[in-house]
Amino acid sequence: TAATTQPPETTTTKATTTTRATTKVTTTTTAAPKADVFVSCKEGVLATDYKGDPILVVTFLFSHSKDEPTSFTFATQDTAYQNGIECESYVMSDYVDTQTQLNKIKSGVEYEVVVGYQLQNTTDDVEIIVDKFMKSKNDKPLCTQIYRLR
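Residues numbered from 1 in each chain as written. Predicted model: local features only at pLDDT ≥ 70, side-chain atom pairs only at ≥ 80, totals over all residues. Heavy atoms only, no water.

Colleague: Mind showing me how you'd approach the pattern of salt bridges here?
Modeller: Where side chains of opposite charge bring their charged atoms close, a pairing between them can arise. With the rule as written, the count across this model stands at seven salt bridges. Lys-66 is the salt-bridge partner of Asp-36, the closest N and O atoms lying 3.7 Å from each other. You can see Asp-36 sitting in the loop between strand S3 (26-30) and strand S4 (37-48) and its partner Lys-66 sitting in the loop between strand S5 (54-64) and helix H1 (72-75), a full 30 residues away along the chain. What makes Asp-36 partly exposed here is its relative accessible area of 26%. One salt bridge in this structure joins Lys-42 and Glu-112, with 2.7 Å as the shortest N-O distance. Here Lys-42 is found in strand S4, whereas its partner Glu-112 is found in strand S8 (residues 111-118), with 70 residues between them in sequence. With relative accessibility at 42%, the residue Glu-112 sits in the partly exposed group. One salt-bridge network, in which partners are shared between bridges, spans Asp-36, Lys-66 and Lys-132. (Salt bridge = Lys/Arg side-chain N within 4 Å of Asp/Glu carboxyl O. Helix = DSSP H or I, 4+ residues; strand = E, 2+ residues; numbered from the N terminus. Buried < 20%, exposed > 50% of the residue type's maximum accessible area, 1.4 Å probe, protein only.)

Written out as structure tokens, the structure reads:
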């Protein structure tokens with residue numbers, strides 16, 4: 001599909017089956033501690049789900065040093081908050097391939113995972129926190145990032 005011309009504050013992103021306009025989001029990142037699971041929050045873009053509701057699509061870089069192959073879903077717990085309220089993370093959109101969250105990878109492989117979060121609005125900041133799955137109370141998050149939507 002052909003890309004469309006957009007105003008400077010937006011970018012056109014090619015999805016799996018269609019091309020739709022999305023807005024890049026600015027970010028603030030907190031460094032992750034050393035662990036056997038590594039996650040970095042990368043790009044975040046505003047998009048819409050199949051119903052036309054706003055979503056934040058976040059790309060994570062995921063790797064691990066465990067003995068057995070594992071997936072993002074079984075190695076981490078990711079949560080998004082907008083206005084202090086948890087955002088639903090299961091969304092249907094051309095931009096979100098939920099299989100990336102379930103694919104197992106071997107130790108040392110870097111893998112991009114794409115997750116969509118349902119938003120209350122497209123103006124208030126969204127905080128992403130990624131913890132190790134089954135973390136202890138003393139564990140620090142693997143990744144925290146604030147996406148500034150405005």
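On we go from here.
Colleague: What's the story with the packing of aromatic side chains in this structure? I'm lost.
Modeller: For any two aromatic rings, the description comes down to two numbers: the centre-to-centre distance and the angle of the planes. Under the criterion given, the structure shown has two aromatic pairs. An angle of 85° between the planes, with centres 5.7 Å apart, marks the rings of Phe-62 and Phe-72 as edge-to-face. Taken together, the positions of Phe-62 in strand S5 and Phe-72 in helix H1 put the pair 10 residues apart, joining distant regions of the chain. Each of the two residues, Phe-62 as well as Phe-72, counts as buried. Each member of the aromatic cluster is reached from another via a ring pair, and the members are Phe-60, Phe-62 and Phe-72. (Phe/Tyr/Trp six-rings, centres within 6.5 Å; stacked < 30°, edge-to-face > 60°.)

Colleague: For this particular structure, what's the right way to read the environment of Arg-148?
Modeller: Assignment of secondary structure puts Arg-148 in strand S10 (residues 143-148). In this structure Arg-148 comes out as partly exposed when scored by relative accessible area, which is 34%. Measuring from C-alpha to C-alpha, the distance between Arg-148 and Thr-122 comes to 9.5 Å, with 26 residues separating the pair along the chain. Engagement of the side chain of Arg-148 in a polar contact is seen with the side chain of Asp-125, the distance being 2.7 Å. (Polar contact = N/O pair within 3.5 Å; in protein donor to acceptor, adjacent residues only side chain to side chain.)

By themselves, these figures tell us nothing about what the structure is for.
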